[in-house]
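Residues per chain, in single letters:
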Amino acid sequence: MLAFMVDVGDREEVTGRVGLTLVVEAARALGLDALVEGQLTVAKRRRGAAAYAKVEALLLLIAAGGDRVEDIRVLAKDKGLLRLLGERLPSPDALLRLLNGFDDPRVWAQRPPDEKSWVPPETAPLRALFEINRAVVARAASPATTIATIDHDGTIIEAHKRDALIAYEGTRGYQPLVAVWVEEDLIVGDEFRDGNVPGNKDPLSSVRRAIEALPGWVTKRYFRGDSADYYLPLLKYLVKEHIGFAISADMTEQLRARCQKVPEPDWLKLQEREREVVHVAEVEFVTGDWPKGSPPLRYVAIRFTPIQRELFEEQERGVKYLAVVTNRPRPAERGEPARPDEMSAGDLVHWHRQKAGTIEHVHRAMKDELGAGVLPCQKFCANAAWFRLNALTYNVLTFLKRRALPPRYRDAQPKRLRFEVFTMPGRLAFHQRQLSVNVSCDAQGVEELVAARGRLLEFHRALQRTS
């Protein structure tokens, strides 16, 4: 054992979470308090805490690593943290009442009797929370970023609640959709769904809502999705709105036959892996549902050829085909003027694959490093609110990383922030009516903490001047 003794220290106030106060200051710098108090209306007790106090407590809890409302008790025991916050934290019951206030049983009365998988309309508090996040995105994003690439995908949250339904892969739980603004690393839209609702069931509503949530200064928009977004109304919408897209196409028998008929000289080597060679080629294909007279979409086929097939494996079974559909034109021929948004087949496939490095990381951070992976109760809309609050927390942390903390934290995940920034130890002191905290870390860490608070204060003052 190490050479020290453990005793109860009740003579001085200390905390191991000095840096966690930056989450509260970042939220207030964004004006989140005024947004919540002005737009979010949920039922509460006469003498209950204000709505923002509860929302702020949930943001603090999620950022600190808690994934259950009961975990607020851990933060409530940190007397030094409470002294820095200047207020008490709501109880777990109060937080759960807030989440339950997002639910409305009348929503389920609208369900068609023959609908097995159904996306219910959002309640008024959920819609208000979406608008709050929309305002946060507009404030957190840089006005210099005029390009927005939206990556859209669903994720499965395993939950053994009584009302949780089984997803396509056999997991019981929920299957929300998430849309991320890649350039700013901000979640611009989410749609909570039951586990049995497939991703290809009307993804247009989720995508349109996310794109419409972009700030007005965005002048160029792009979209990337997987095969669940290969949905005719969505393709029509993207073409109509002049949004450049790349979406994984369903490999139907007709499309596969077209891929197999591509002449060998037309295949271009894209990549050589350990066990296979990847080629790409342009494919002339028009889906039977595409309106006549509309500009044809462009299909790029991807062929995976094993370098050494398994023993006795058939020739045709060793080759695999995928395809990407897009409205971005192929490069102009020699002597022709360049076309807007033109992209070669290889570059298009690489650009589409980049989606895995953005939306998948957001899903992992939401579920594994924040609290979205553990849902609080049985009520669908309460769980939807919890998921959206996790998205809001993600955006506040992005704002904190990119507008206040040093550049080395720009791409830091919540776990890194928690380990290196939020858990700074400090001892509180009160001198001449001024509360101060002596942070126990190197001088550089203290300087960065002070500088971050100064940047947040400056941002808040600028926001107030423009409001």
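Residues numbered from 1 in each chain as written. Predicted model: local features only at pLDDT ≥ 70, side-chain atom pairs only at ≥ 80, totals over all residues. Heavy atoms only, no water.

A.B. asks: When you look at the overall build of the chain in this model, what are you seeing that I'm missing?
C.D. replies: Each helix and strand in the chain was counted, giving 15 helices and 15 strands. Each principal axis of the C-alpha distribution contributes one length, and for the chain these read about 80 × 55 × 55 Å. For the chain, the residues scored as buried account for 48% of the 467 residues in total. Taking contacts inside the chain between residues at least 6 apart in sequence as the whole, the part at least 24 apart equals 66%. Summed over its atoms, the accessible surface of the chain is roughly 24500 Å², and 50% of this surface lies on carbon and sulfur atoms. Distance from the positive charge centre (69 side chains) to the negative charge centre (64 side chains) of the chain: 5 Å. (Helix = DSSP H or I, 4+ residues; strand = E, 2+ residues; numbered from the N terminus. Buried < 20%, exposed > 50% of the residue type's maximum accessible area, 1.4 Å probe, protein only. Contact = heavy atoms within 4.5 Å. Areas by Shrake-Rupley, 256 points an atom, 1.4 Å probe, with all protein chains shown as cover. Lys, Arg positive; Asp, Glu negative; His and termini not counted. Charge placed at Lys NZ, Arg CZ, Asp CG, Glu CD.)

A.B. asks: What is the right way to look at the nonpolar core in this model?
C.D. replies: Formed by 124 residues in total, the largest nonpolar core has its most connected members in Leu32, Leu58, Trp181, Phe223, Leu238, Tyr299 and Phe422. For this core, the element with the highest residue contribution is helix α13 (residues 380-403), accounting for 15 residues. Of all hydrophobic cores here, the second largest spans 14 residues; its members include Phe304, Val324, Val349 and Trp351. (Core = buried A, V, L, I, M, F, W, Y, C linked by side-chain atoms within 4.5 Å.)

A.B. asks: Would you take a moment to explain the sheet that holds strand β1 (residues 14-15) for this structure?
C.D. replies: What holds strands together in a sheet is hydrogen bonding between their backbones, with the strands either parallel or antiparallel. Here we have three strands laid out as an open sheet, ordered β1-β14-β15, and antiparallel in their pairing. Each edge of the sheet is formed by a strand with only one pairing partner; in this case those strands are β1 and β15 (434-439). Pairing of β1 with strand β14 (residues 426-431), which is carried by two bridges, proceeds in the antiparallel orientation. Residue pairing across strands places Val14 opposite Arg427, the latter belonging to β14. (Pairing = 2+ DSSP bridges.)

A.B. asks: Looking at this structure, how should I read the sheet that holds strand β4 (residues 165-166)?
C.D. replies: Across the sheet, which stays open at both edges, the three strands sit in the order β3-β5-β4 with antiparallel pairing between neighbours. The sheet is open, and its two borders are formed by β3 (157-158) and β4, each paired with just one other strand. Summarising the sheet, β3 and strand β5 (residues 172-174) pair through two bridges and their orientation is antiparallel. Residue Ile157 lies in a different strand from β5, and its bridge partner there is Tyr174.

A.B. asks: I'm lost on helix α14 (residues 414-422) in this one. Help?
C.D. replies: Because the α-helix completes a turn every 3.6 residues, residues three or four places apart line up on one side. Looking at α14, one finds that the buried residues are Pro414, Leu417, Arg418, Val421 and Phe422. For α14, the arc enclosing every buried residue in end-on projection is 115 degrees, short of the 170-degree limit, so these residues lie on one face. Residues Lys415 and Phe419 are exposed on α14 and point more than 90 degrees away from its buried face. Contact partners of the buried residues in α14: α1 (21-29), α3 (51-64), α12 (359-369) and α13. (Arc of directions from axis to C-beta.)

A.B. asks: Looking at this structure, how should I read a nonpolar patch on the surface?
C.D. replies: On the surface, a nonpolar cluster with roughly 400 Å² of combined accessible area is contributed by Leu2, Phe4 and Val6. Note on placement: Val6 falls in the segment before β1. On the accessibility criterion, Val6 (74% relative accessible area) is exposed. (Patch = residues over 30% accessible without salt bridge, like charges linked within 9 Å, V, L, I, M, F, W, Y side chains within 5 Å. Salt bridge = Lys/Arg side-chain N within 4 Å of Asp/Glu carboxyl O.)

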